[in-house]
Amino acid sequence: MISSQATPNLKAFERLSQRLADYRTVFPSCTRVVSASMATGCFPARHGLQGNSVAMLEEGRLVLRDAGHPDFLQHKRHVTGCSLAVPTLAERVKDHGGAIVFSNVSPGAAYAHDPDGHGHVYHRAGSFAPGRRQLGGHEHLDVTLDAAGDQRMTERFVNEVLHEKRPAVAVLWLGEPDHIQHEVPLGSPEHRSVLAHADANVRLVIESVDRLRASGDDVLLFIGSDHGHQTVEDVVDVDAELVAAGIKASQDSHDILAVSNGTSVLIYVDPDHAEKLPKIRSFLESSEWAGQVFGPDELGSVGQAAEGCLAFAVSMRESEGANAFGVCGLSFAAKPAAGKSDRLGCGQHGGLGRFEQSPFMLVAGPGFQAGAVNNFPASVVDVAPTILRHLGLPWSRLDGRPLQL
Ligand SMILES: [Zn+2]
């Protein structure tokens, strides 16, 4: 979607930055998981946020939980003993200039950057200072989840964060174009219009960073997306499929939970029903809607681990065909929990499809060559170690590695 016509500011920045051509996101390719992975420099197997939605064993019963809920990570700490299992960038830089995050996605994704209150996180559901002290009045970030809200957030970020508060790490996470891509067909006029607004916000940040550099600041600037999208061509109710196959007791039973993560699904199995694992595997492997299936011993290959009752992860069937607007990438999606939209014909993500797995990432600053293309494999978990190296701080024990030349 990046072109001189659709996103002129990003296209111009491409010439001033190094493009990571083989940059990959995590699995599931969902924003709450990506936020935690970017913040920690680790894959889900180590930070422990397995999906945008997950299941947890609570008082002896598997319970579905939406990780986008504002209180999810506080609840997870209560249930499992930790919010995220490894330190975040916010924690690592708290005595070295601190971190400020402005996010306009789901509350859970915003707070995944700093669930334990080491820095500042601003979000429409609640803005927090260190110690998770809630900010009120004009300090709170009260913006809508749309292009206008993103613009207000960006203007405040530029003035207040980049030029006044000047933390060591500043994160601006727009809600668009992801939000609109879930609502309309990819490549449609409505989508392209919102994309142009996002590109205008990019310009505000680039110009602001130029001013900081002119005044002597040594800025490392990442501009990227956290995942791509694919068009939903069919929606499958995986719980109902498991019931119909005689594996899950009923649609509402707690023996097995199929938890939709868009174009992927996480299958949780109560330990009391572990004898069902071989049956589940053969069922998933023979289902035409399933693409790649990862069992307990294979989850490590996609950055996951068979912990907390997670037994299988499935990337739904996908192909590289185009939608009506010529945008490539078609996927089956797993039907979300009751009350959420199916997104048929619109954009979705979560799986291992080529387009949802290939976000863009452009980096400018010391150690990155302007106008160059880096073809080495890189991933969202490399962002934190690259920032830590730029700041002269240790980056050991992370899954990622610094990307500077
Ligand atoms: Zn999304």
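A brief structural summary.

Parameters at a glance
Residues numbered from 1 in each chain as written. Predicted model: local features only at pLDDT ≥ 70, side-chain atom pairs only at ≥ 80, totals over all residues. Heavy atoms only, no water. Helix = DSSP H or I, 4+ residues; strand = E, 2+ residues; numbered from the N terminus. Buried < 20%, exposed > 50% of the residue type's maximum accessible area, 1.4 Å probe, protein only. Salt bridge = Lys/Arg side-chain N within 4 Å of Asp/Glu carboxyl O. Donors = N, O, S within 2.8 Å, 3.2 Å for Na, K, Ca; no water. Tetrahedral: all angles 85-135°; square planar, octahedral: opposite > 155°, others 65-115°. Pairing = 2+ DSSP bridges. Axes fitted to C-alpha atoms, helices over the stretch in contact; angles between N-to-C directions. Parallel < 35°, antiparallel > 145°, perpendicular 65-115°, else oblique. Contact = heavy atoms within 4.5 Å. Bend = angle between axes of the 7 residues up to and from the residue.

### Here's the deal with the environment of Arg-211
Considering the arrangement of structural elements, one finds Arg-211 in helix α9 (residues 189-214). The class for Arg-211 is partly exposed, based on a relative accessible area of 45%.

### Describing unusual backbone geometry
Of note, the bond from Phe-27 into Pro-28 is cis; its omega dihedral lies within 30 degrees of zero at -5 degrees. Position of Pro-28 relative to the elements: it lies in the loop between β2 (23-24) and α2 (31-40). In the segment running from Glu-176 into Pro-177, the intervening peptide bond is cis, with an omega of 10 degrees. Checked against the element boundaries, Pro-177 lands in the loop between β9 (169-173) and α8 (178-181). Despite not being glycine, Arg-166 has its phi angle at roughly 50 degrees, a positive value. In this structure, Arg-166 sits in the loop between α7 (147-165) and β9. Even without a glycine there, the phi angle at Arg-397 is positive, about 65 degrees.

### Some thoughts on the pattern of salt bridges
Within this structure, the stated rule accounts for 18 salt bridges. Residue Glu-160 pairs with Arg-156 through a salt bridge whose shortest N-O separation is 2.8 Å. With a gap of four residues between them, Glu-160 and Arg-156 both fall in helix α7, about one helical turn apart. The class of Glu-160 is buried, set by a relative accessible area of 15%. Assessed through its relative accessible area of 17%, Arg-156 is described here as buried.

### Re the coordination of the zinc ion
With distances of 2.1 to 2.5 Å, the protein atoms coordinating the zinc ion are Asp-178 (OD), Asp-178 (OD), His-182 (NE2) and His-349 (NE2). Each of the four donor atoms around the zinc ion contributes to a set of angles spanning 55 to 153 degrees, which defines the coordination as irregular. Between consecutive donor residues of the zinc ion, the sequence gaps follow D-x3-H-x166-H. With His-182 in the loop between α8 and α9 and His-349 in the loop between β18 (347-348) and β19 (361-364), this residue pair connects regions lying 167 residues apart in the sequence.

### Some thoughts on the sheet that holds strand β1 (residues 18-20)
Ordered by their spatial adjacency, four strands build an open sheet running β10-β19-β1-β20, and the pairing between neighbours is mixed. Edge strands, defined here as strands with exactly one partner in the open sheet, are β10 (221-224) and β20 (373-374). Bridge count for β1 against β19 is two bridges, and the pairing is antiparallel. Directly across from Gln-18, in β19, lies its bridge partner Val-363.

### What about the packing of α7 against α9?
For any two helices packed against each other, one specifies the inter-axial angle together with the distance between the axes. With their axes 9 Å apart at the nearest point, α7 and α9 run at an angle of 5 degrees to one another. By the angle between their axes, α7 is roughly parallel relative to α9. Judged by residue contacts, Ala-147, Asp-150, Gln-151, Thr-154, Glu-155, Val-158, Leu-162 and His-163 of α7 engage His-197, Asn-201, Leu-204, Val-205, Ser-208, Val-209, Arg-211 and Leu-212 from α9.

### Digging into the environment of Ala-110
Following the sequence through the fold, Ala-110 ends up in helix α6 (residues 107-111). For the pair formed by Ala-110 and Gly-68, sequence separation is 42 residues and the distance between their alpha carbons is 8.7 Å.

### Focus: α7
The α-helix advances 3.6 residues per turn, and as a result positions three or four apart in sequence lie on the same side. Taken as a whole, α7 carries its principal kink of about 35 degrees at Phe-157. Each element contacted by the buried residues of α7 is listed here: β5 (99-103), β6 (120-122), β9 and α9. Phi turns positive, to about 50 degrees, at Arg-166, one or two residues after α7.

### A few points about the pairing of β9
Alternating positions in β9 separate cleanly, Val-169, Val-171 and Trp-173 being buried on one face and Ala-170 and Leu-172 remaining unburied on the opposite face. As paired strands, β5 and β9 are joined by five bridges and run parallel to one another. Its bridge partner being in β9, Ala-99 is matched across the sheet by Val-169.

### Quick look at the sheet that holds strand β12 (residues 256-260)
What the four strands build is an open sheet, ordered β12-β13-β15-β14; its pairing is antiparallel. Among the strands making up the open sheet, the edge pair consists of β12 and β14 (290-294). Looking at each pair of strands side by side, their axes are set apart by 20 degrees on average, direction ignored. Bridging between β14 and strand β15 (residues 310-316) involves four bridges; their strand directions are antiparallel. What sits directly across from Phe-294, in β15, is Ala-313. Where helix α11 (residues 277-286) meets the sheet, it contacts β12, β13 (264-269), β14 and β15, and its direction lies at approximately 0 degrees from that of β15.

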